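# Overview (structure and organization)
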2 protein chains.
Amino acid sequence: MKSNYIVCYDITNEKRLKKVFKTLSGIGTHIQYSVFFCKLAWPELTELKEKLKDIIDGNEDDIRIYPLPSRSKFVALGQGDRVPEGVEIFL
Amino acid sequence: MKSNYIVCYDITNEKRLKKVFKTLSGIGTHIQYSVFFCKLAWPELTELKEKLKDIIDGNEDDIRIYPLPSRSKFVALGQGDRVPEGVEIFL
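Residues numbered from 1 in each chain as written. Chains lettered and ligands numbered in written order. Predicted model: local features only at pLDDT ≥ 70, side-chain atom pairs only at ≥ 80, totals over all residues. Heavy atoms only, no water.

## As for the overall build of chain A
Each helix and strand counted, chain A has two helices and six strands in total. Starting at the N terminus and ending at the C terminus, chain A contains elements arranged as β-α-β-β-α-β-β-β. Here chain A, with 91 residues, has 48% of them falling under the buried criterion. The long-range fraction of contacts in chain A, counting pairs at least 24 apart against all pairs at least 6 apart in sequence, stands at 65%. Within the structure as shown, chain A displays about 4800 Å² of accessible surface, and the carbon and sulfur contribution to it stands at 52%. (Helix = DSSP H or I, 4+ residues; strand = E, 2+ residues; numbered from the N terminus. Buried < 20%, exposed > 50% of the residue type's maximum accessible area, 1.4 Å probe, protein only. Contact = heavy atoms within 4.5 Å. Areas by Shrake-Rupley, 256 points an atom, 1.4 Å probe, with all protein chains shown as cover.)

## Examining the confidence of the model for chain A
Looking at chain A, the pLDDT average stands at 88 and 87% of residues meet or exceed 70. Here strand E6 (residues 88-89) of chain A is the element of chain A with the lowest mean pLDDT, 62, and helix H1 (residues 14-25) of chain A is the one with the highest, 97. (pLDDT = per-residue confidence, 0-100.)

## Remarks on the UniProt feature "binding site: Mg(2+)" (unreviewed entry) in chain A
UniProt records the feature "binding site: Mg(2+)" (unreviewed entry) at Asp-10 of chain A, using the numbering of this structure. Here Asp-10 of chain A lies in strand E1 (residues 3-10). The exposure class assigned to Asp-10 of chain A is buried, which follows from its relative accessible area of 18%. The contacts of Asp-10 of chain A, once residues within four sequence positions are left out, are Glu-60, Asp-61 and Asp-62 of chain A together with Gln-32 and Tyr-33 of chain B. (UniProt positions renumbered as here; feature names shortened; annotations may be inferred.)

Here's what the structure looks like:
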């Protein structure tokens, strides 16, 4: 079973930022500047965590993976045009 | 009853960014560069949305408010030291 997650990242180094972006692009939807939406089964989440840990500098970078409720709704204010499939916007 | 939310923002203008940051600082915890954690009752969420709408430029800025499950857990990789009260980290 897959769950919905938001991945938010603060990466201080350009090279590491590109690697994080590439890794996340492979499994999720880029919905805000430093935010991805991912639909992951538990093993996929575990694998993603390992991959990201290998890329980042633990003393400088900060990545958070927030689980969303199964029926993911969120508020979008402004020009939030990138909305992942299966996610509703409530205003 | 209060629910947990993550607020992620991409604000292109310095002046508006400061206003958004100030508004969110009043009601939430700044946990990542452009991410706040907020515990809000529904009327508070409605009020926050109105305040933020008044600040941003709808054509340039992008704010998302993601509801979190009641028992909020999230993964923190790297130097994620700002963890809001009542939120657990799972590794």
